[in-house]
Amino acid sequence: MYNELTAVDIKKMKDEIAYRATELRPKLSDDVKEARSLGDLSENAEYRSARRAFGRNESRIRFLQKMIRTAKVISTESAPDEVGLFDRVEVFYEDTGETEEIRLSTTTRLDLNNSVYSKESPFGKAILGHKVGDKVLVKITEDNFYYVTIKKITKGEDDDSIPLNGY
């Protein structure tokens, strides 16, 4: 199994690993040492909290390293008239009559609050590669589906503006 990532995804991950390893790790380690010095560890909530924070940081570093190690670097290029990664796409939801501008990204940078959908989501898979005017079936399950029409495509690029998902 591999993760489909862009070159920018990998750069962002390497930058986060560097920050966590060189800046955050020493601070969290000092927090653990300071909390340990407060006394009895069995009743020391500060110590448990500091250890948890240190462990979360180490876990995130390992997670990002594994993502990079198992990555398949993908291109963000697409035909000029087709929906591709990082394009701004205006879609019309036929069931509600609403229009929304969305972007497609990799799974590491989806942000539904800002209408950034993963290319792996049912919505992303459905519209990727379609053209203006196409009526597209977005199938969630056999019984749960809806239609969207692609109204406009504004070509985009992987410009580093969408942050990595947290943990």
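Here, every reference points to the structure presented above.
Everything numeric in this text was worked out from a predicted model, so none of it was measured. (Residues numbered from 1 in each chain as written. Predicted model: local features only at pLDDT ≥ 70, side-chain atom pairs only at ≥ 80, totals over all residues. Heavy atoms only, no water.)

A. Quick look at helix 2 (residues 45-69). Compared with an ideal rise of 1.5 Å per residue, which puts 25 residues at 36 Å, helix 2 spans 36 Å between its outermost C-alpha atoms and is within 8% of the ideal. Listed as buried for helix 2 are Y47, A50, A53, N57, E58, R60, I61, L64 and M67. Buried positions along helix 2 lie against strand 1 (3-5), helix 1 (7-36) and strand 2 (71-73). (Helix = DSSP H or I, 4+ residues; strand = E, 2+ residues; numbered from the N terminus. Expected span 1.5 Å × (residues − 1). Buried < 20%, exposed > 50% of the residue type's maximum accessible area, 1.4 Å probe, protein only. Contact = heavy atoms within 4.5 Å.)

B. Broad picture of the sheet that holds strand 7 (residues 145-154). Ordered in space as 5-4-3-7-6, the five strands form an open sheet in which the pairing is mixed. Of all the strands in the sheet, the pair left with one neighbour each is strand 5 (116-118) and strand 6 (135-139). Within the sheet, the average angular offset between the axes of one strand and its neighbour, ignoring direction, is 45°. Taken together, the three bridges between strand 4 (residues 98-105) and strand 5 define a ladder with parallel strand orientation. Bridge pairing in strand 5 places L104 opposite Y117. (Pairing = 2+ DSSP bridges. Axes fitted to C-alpha atoms, helices over the stretch in contact; angles between N-to-C directions.)

C. Spotlight on helix 1. Compared with an ideal rise of 1.5 Å per residue, which puts 30 residues at 44 Å, helix 1 spans 41 Å between its outermost C-alpha atoms and is within 8% of the ideal. Approximately 45° is the largest bend angle found in helix 1, and it occurs at L24, with the proline P26 only one to four residues beyond. Turning to helix 1, its buried residues are V8, D9, I10, K12, M13, E16, I17, R20, L24, L28, V32 and A35. Packed against the buried residues of helix 1 are strand 1, helix 2 and strand 2. (Bend = angle between axes of the 7 residues up to and from the residue.)

D. The packing of helix 1 against helix 2, seen in detail. Packing of helix 1 against helix 2 brings their axes to within 9 Å, and their N-to-C directions diverge by 160°. Here helix 1 is positioned roughly antiparallel relative to helix 2, judged by the angle of their axes. Here the hand of the crossing between helix 1 and helix 2 comes out left-handed. (Parallel < 35°, antiparallel > 145°, perpendicular 65-115°, else oblique. Left-handed = near helix turned anticlockwise from the far one by under 90°.)

E. How the structure looks around the pattern of salt bridges. Under the counting rule described, the total for this entry stands at 16 salt bridges. Two residues, E94 and K135, come together in a salt bridge whose shortest N-O distance is 3.3 Å. Of this pair, E94 sits in the loop between strand 3 (88-93) and strand 4 while K135 sits in strand 6, and the two are 41 residues apart along the sequence. By relative accessible area, which is 33% here, E94 ends up partly exposed. Here K135 falls in the exposed class, since its relative accessible area comes to 52%. Here the salt bridges share partners, and the residues they tie into one network are E4, K119 and E120. (Salt bridge = Lys/Arg side-chain N within 4 Å of Asp/Glu carboxyl O.)

F. Quick look at the nonpolar core. Grouped together as the largest cluster of nonpolar side chains are 21 residues, with contacts concentrated most on F123, I127, V148 and I150. It is strand 7 that contributes the most residues to this core, four residues altogether. Aside from chain neighbours lying at most four places away, what touches V148 is V91, F92, Y93, F123, I127, D134, K135, V136 and V138. Counting eight residues, the second-largest nonpolar core is a separate cluster that includes I17, I61, L64 and L164. (Core = buried A, V, L, I, M, F, W, Y, C linked by side-chain atoms within 4.5 Å.)

G. Broad picture of the packing of aromatic side chains. Going through the model one piece at a time under the given rule, you end up with three aromatic pairs. Plain terms: the ring middles of Y93 and F123 are 6.3 Å apart, the flat faces sit at 20° to each other, and that makes the pair stacked. Pair noted here: Y93 is in strand 3 and F123 is in helix 3 (residues 122-127), with a separation of 30 residues, a long-range link. Residue classification places Y93 among the buried positions, given a relative accessible area of 13%. The exposure class assigned to F123 is buried, which follows from its relative accessible area of 4%. Summarising the aromatic geometry, the rings of Y117 and F123 are spaced 4.8 Å apart at their centres and angled 45° between planes, so their arrangement reads as tilted. Side by side, Y117 and F123 carry an identical accessibility label, which is buried. What links up through ring pairs into an aromatic cluster is the set Y93, Y117, F123 and Y146. A cation over a ring is seen here: K135 above Y147, with NZ or CZ 4.9 Å from the ring centre. The ring of F92 carries the charged tip of K151 above its face, separated from the ring centre by 5.4 Å. (Phe/Tyr/Trp six-rings, centres within 6.5 Å; stacked < 30°, edge-to-face > 60°. Lys NZ or Arg CZ within 6 Å of the ring centre and 35° of its normal.)

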